[in-house]
Every structure is written in structure tokens, then in C-alpha cells.
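# Close look at the chain arrangement
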Amino acid sequence: MNQGKNKYNVAVAGATGAVGGAMLEVLERCDFPLNELRLLASARSVGKKLKFKGQDIEVQELTMDAFSGIDIALFSAGAARSLQFGPAAAAAGAVVVDNSSGFRMDPDIPLVVPEVNPHAIAQYKKRGIIANPNCSTIQMLVALKPIHDAAGIKRIVVSTYQAVSGSGAKAIEELKGQVMDYAAGKKMENSVYPHQIAFNCLPHIDSFLDNGYTKEEMKMVNETHKIFEDSSIGVTATTVRVPVFYGHSESINIETKNKLSAEDVKELLRHATGVKLVDDPHNNKYPLAIDCAGQFETLVGRIREDESIDNGINMWVVSDNILKGAALNAVQIAEVVGRDYL
Ligand code: NAP
Ligand code: 3JN
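A brief report on the enclosed structure follows. (Residues numbered from 1 in each chain as written. Chains lettered and ligands numbered in written order. Predicted model: local features only at pLDDT ≥ 70, side-chain atom pairs only at ≥ 80, totals over all residues. Heavy atoms only, no water.)

Positionally, Gly21 belongs in helix α1 (residues 18-29). The class for Gly21 is partly exposed, based on a relative accessible area of 32%. Taking the C-alpha atoms as reference, Gly21 lies 28 Å from His195; in sequence the two are 174 residues apart. (Helix = DSSP H or I, 4+ residues; strand = E, 2+ residues; numbered from the N terminus. Buried < 20%, exposed > 50% of the residue type's maximum accessible area, 1.4 Å probe, protein only.)

Printed below as a string of C-alpha cells:
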């Protein structure tokens, strides 16, 4: 525990975006100890005012020298901006918490989910930067960490059902527009996705790689290895975009080294930090995307033994992709940085 500051100067780069807006919401909900809050975005947004705790704060331009006096810089302006401005922010003395994929696999930069590997935060001192994982990885590992600690996970097979908000504001509008057009009997238009997303499922998130997987799928594989500090765990992912506005759902099948019953897993998750067990199928209670919006916890249910192998468990994991999947995880990292390191 440090004896340093108890209020921090925080910058949000990408403050006008979907994730940036959620960062402001989370900073407010957590009553983050702020001295100054500096809001940064592109030149297009300069002068625009955003509300924080009832006050209007003017947006400034994200530039190389926008970080003087900043203690913690939360980035969600895309990987290109993180790579361009993140090191400048760190050189100015800020601890950068970056939401993009720009630095995630850099061996000198910790990749952190506070419920899973908070000890890795200490490594930020090398480069002054901490990376936030991909949303689909975060919620999966929050649910799997207690099981991995108890029984050792050998293999993970995951299929995701990802909300359109993960593709930003334009994708939300595209789904709404298609639903309205369908109801009005009009032709549905698509521009964000290569196909109609309304009433459809697209097995395609981010671009395709030479191995046949998508980048989103390989993010889940590589980030799991880095966060669990074990690249011997077998991980295979299929990521699917579904016509849901908020909340990513995941069907997860795991094989453990030691046997756990479904009851053992429920008991572990009942007491796990950041997890809410919602598992009463006979009363139709299981995690639902429409219930997770706005919640900080990751919902887990449908826990059952996989009867096709010796040590297998199936589960259904749902979380607010913009909160725990992005903004909340970043602010939780910032809380630890402030409390333990500044
Ligand atoms: P968004 O709604 O499109 O917002 C983008 C933000 O970046 C806006 O504030 C925008 O400012 C700013 N920006 C864009 N170009 C810029 C430039 N040249 N200079 C300065 N600022 C610029 O996108 P989003 O959904 O919030 O996502 C933002 C990023 O967060 C993504 O690209 C991704 O890297 C990350 N993300 C991570 C996860 C995760 O899984 N952890 C999930 C979603 C997103 P203007 O309004 O001025 O254009
Ligand atoms: O598609 C989703 O549901 C999550 C999207 C994440 C995302 C979107 C644009 C760029 C990322 C990410 O966090 O991996 C990035 C990126 O930074 O590469």
C-alpha cells in the first residue's frame, strides 16, 4: 500500500466514444477519487461538452502534449491512437490503461483482469502502460479463474454470441434500422457488417487470418495464455455476432486436470469476485444478455457436467461488454494503480 496521492488527475482519450462514455459513467458510479478529469478526442470534437457529475466538461484535442500533469490516462480511441499517443502519455508521467489491442501481446506490457491477475499490474513500470484485454476474454476468464485455481484447466472450447455494441455506435444504428425497415416492409441496408445482422447470426468478428480463424478468435486464445501465464492450455474459439444490442454471451466447455462436479463449480462461483451465479433452470433462471446491461458482475449459469468426457464442465457466461468488457475493467485497473502505486 502506498502513502502517496489520494486524488488523481485522469485523462480519457476517446471520451466521446461508446467506451469513453461508459468510462465517464463508471468513474462517476465508482466515485473515483478525481482531482482533474481531462476529456480528449479528435479535432472534430473540440469544444463539445460532456456531462460528468452534473458539470459540463469541454473536450480537448488528443495531441502529444495533452497529458502534462496527468496521473492516469484511460485510452479508448482505437489501436492506432494508442500506439501513437500512449507512449507520449507515459513519457509525460501518466500511467496509461489502454483498451485497444495495440499493446496487449507486448511482453513488456501487462495484460490485466483485476479479478484474475492483479499481480501483473506491477509490471507497468517498464513502459508505463497496462493493457485491457478484449471483452470476450475478460468475461470468460472472470468465470474460469476460480475453476483454474481449484482444478487446473487443460482445454477450453468457447463459442461467443456478441452484441452489436462491440462494433460501436454505427452498428447499433444498423441493427435498429434493419429492424425498423423489416417492420415497415422495406429493403434492409447494411454497411457496418458484410451481411444483414437483424434476425441473423454472423460467424465473423474482425478479419480472417490464414489459419481460418478470425482475429477476434485468436485474441481469445493468445490473451488467455498471457493472462493465465500458461500457453499449454488448449483454447479454441468461434466468435459470432448476434442481433443483440448489449451483452456478450458465451457457451464455454472446459476440461480440467482434476475432477470437479457441477455442484463444486457452482460453489466456487457462488463466492467468486465479480461473478453472479444465476443458475436455477427449473425456474427458467439463467444468465440473459437483456439482464446484464448496466451490471458490473459477470453472470454465470447452466453449469453442468459434460457427459462426453471425464473431467468436463459446460457453462453459459454473460456480461455487459461495454462495462466489464471495456470501461469497468479499465477503471478497476486504474483504482489499483492509484491505491497501490501512485
Ligand atoms: P467509437 O464509439 O467509434 O469512439 C471512438 C473514439 O475515438 C471517439 O472518442 C473518437 O473521437 C476517438 N477518435 C477516433 N479517431 C481519433 C483521432 N484521430 N484522434 C483522436 N481521437 C480519435 O468507438 P468505441 O466503440 O468507443 O471503441 C473505441 C476503441 O475502444 C476501439 O477501437 C477498441 O480499440 C476499444 N474497444 C475495446 C473493447 C474491448 O474489448 N476491450 C471493446 C470495444 C472497444 P471523435 O468523437 O472526436 O471522433
Ligand atoms: O467486436 C466486439 O464485440 C469487441 C470489439 C473490440 C474491438 C473493436 C475494435 C477494435 C477491438 C478490441 O478491443 O480488440 C479493437 C482493437 O483495439 O483491436
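All right, on to helix α8 (residues 323-341) then. Along α8, the helix axis deviates most sharply at Asn329, where the bend reaches about 35°. Most of α8 is tucked away, with 15 of its 19 residues classed as buried. (Bend = angle between axes of the 7 residues up to and from the residue.)

Next up on the list: the site of ligand 2. Contacts to ligand 2 come from 13 residues, most closely from Ser101, Arg104, Lys219, Arg241 and His248. Relative to its unbound accessible surface of 430 Å², ligand 2 loses 72% to contact with the protein. (Near = heavy atom within 4 Å. Areas by Shrake-Rupley, 256 points an atom, 1.4 Å probe, with all protein chains shown as cover.)

To continue, consider the sheet that holds strand β2 (residues 34-41). Overall, mixed pairing links the seven strands, which are arranged β3-β4-β2-β1-β5-β6-β7 in an open sheet. The open sheet has two free edges, formed respectively by β3 (49-52) and β7 (129-131), since each of these has just one partner strand. When the angles between neighbouring strand axes are averaged without regard to direction, this sheet yields 30°. Along the sheet, helix α2 (residues 79-91) contacts β5 (72-75), β6 (95-98) and β7; its crossing angle with β5, the most-contacted strand, is approximately 175°. Seen against the sheet, α8 touches β1 (8-13), β5, β6 and β7 and runs at an angle of roughly 170° to β5. (Pairing = 2+ DSSP bridges. Axes fitted to C-alpha atoms, helices over the stretch in contact; angles between N-to-C directions. Contact = heavy atoms within 4.5 Å.)

Turning next to the environment of Val318. With respect to the helices and strands, the residue Val318 is situated in strand β13 (residues 312-319). Look at Val318 and you get buried, because its relative accessible area is 0%. Spatially, the C-alpha atoms of Val318 and Gln162 are 9.8 Å apart, while their sequence positions differ by 156 residues. Look past the residues within four positions of Val318 in its chain and what remains in contact with it is Gln139, His248, Ser249, Pro287, Leu288, Ala289, Cys292, Thr298 and Leu299.

Tallying each qualifying case throughout the model produces 18 salt bridges. Measuring nitrogen to oxygen at the nearest pair gives 3.9 Å for the salt bridge that ties Asp108 to Lys126. Taken as a pair, Asp108 in the loop between β6 and β7 and Lys126 in the loop between β6 and β7 lie far apart in primary sequence, 18 residues in all. On the basis of relative accessible area, Asp108 is assigned to the partly exposed category, the value being 33%. As a salt-bridge pair, Arg339 and Asp340 come within 2.9 Å of each other at their nearest N and O atoms. Each of Asp206, Glu216 and Lys219 takes part in one network of salt bridges that share partners. (Salt bridge = Lys/Arg side-chain N within 4 Å of Asp/Glu carboxyl O.)

The relative placement of two packed helices is expressed as an angle between their axes plus a distance between the axes. Running from N to C, helix α3 (residues 135-151) and helix α5 (residues 215-227) point in directions that differ by 45°, and their axes come no closer than 9 Å. Our classification of the angle between α3 and α5 gives oblique. Note on packing geometry: the crossing formed by α3 with α5 is right-handed. Between α3, through Cys135, Ser136, Thr137, Met140 and Leu141, and α5, the contact on the second element is made entirely by Glu216, Lys219, Met220, Glu223, Thr224 and Ile227. Broken down by class, the residue content of the contact of α3 with α5 amounts to five nonpolar, three polar and three charged. (Parallel < 35°, antiparallel > 145°, perpendicular 65-115°, else oblique. Left-handed = near helix turned anticlockwise from the far one by under 90°. Nonpolar A, V, L, I, M, F, W, Y, C, P; charged D, E, K, R; others polar.)

Turning to the pairing of β5, a few remarks are in order. Going residue by residue along β5, you find Ile72 and Leu74 tucked away on one face and Ala73 and Phe75 tucked away on the opposite face as well. Pairing of β1 with β5 involves four bridges; the strand directions are parallel. Bridging across to β5, Val12 finds its partner in Leu74. As paired strands, β5 and β6 are joined by four bridges and run parallel to one another.

What follows covers the environment of His225. Among the secondary structure elements, His225 is positioned in helix α5. Not counting residues within four places of it along the chain, the set of residues in contact with His225 comprises Asp230, Ser231, Ile233 and Val235. There is a polar contact of 2.6 Å between the side chain of His225 and the backbone oxygen of Ile233. (Polar contact = N/O pair within 3.5 Å; in protein donor to acceptor, adjacent residues only side chain to side chain.)

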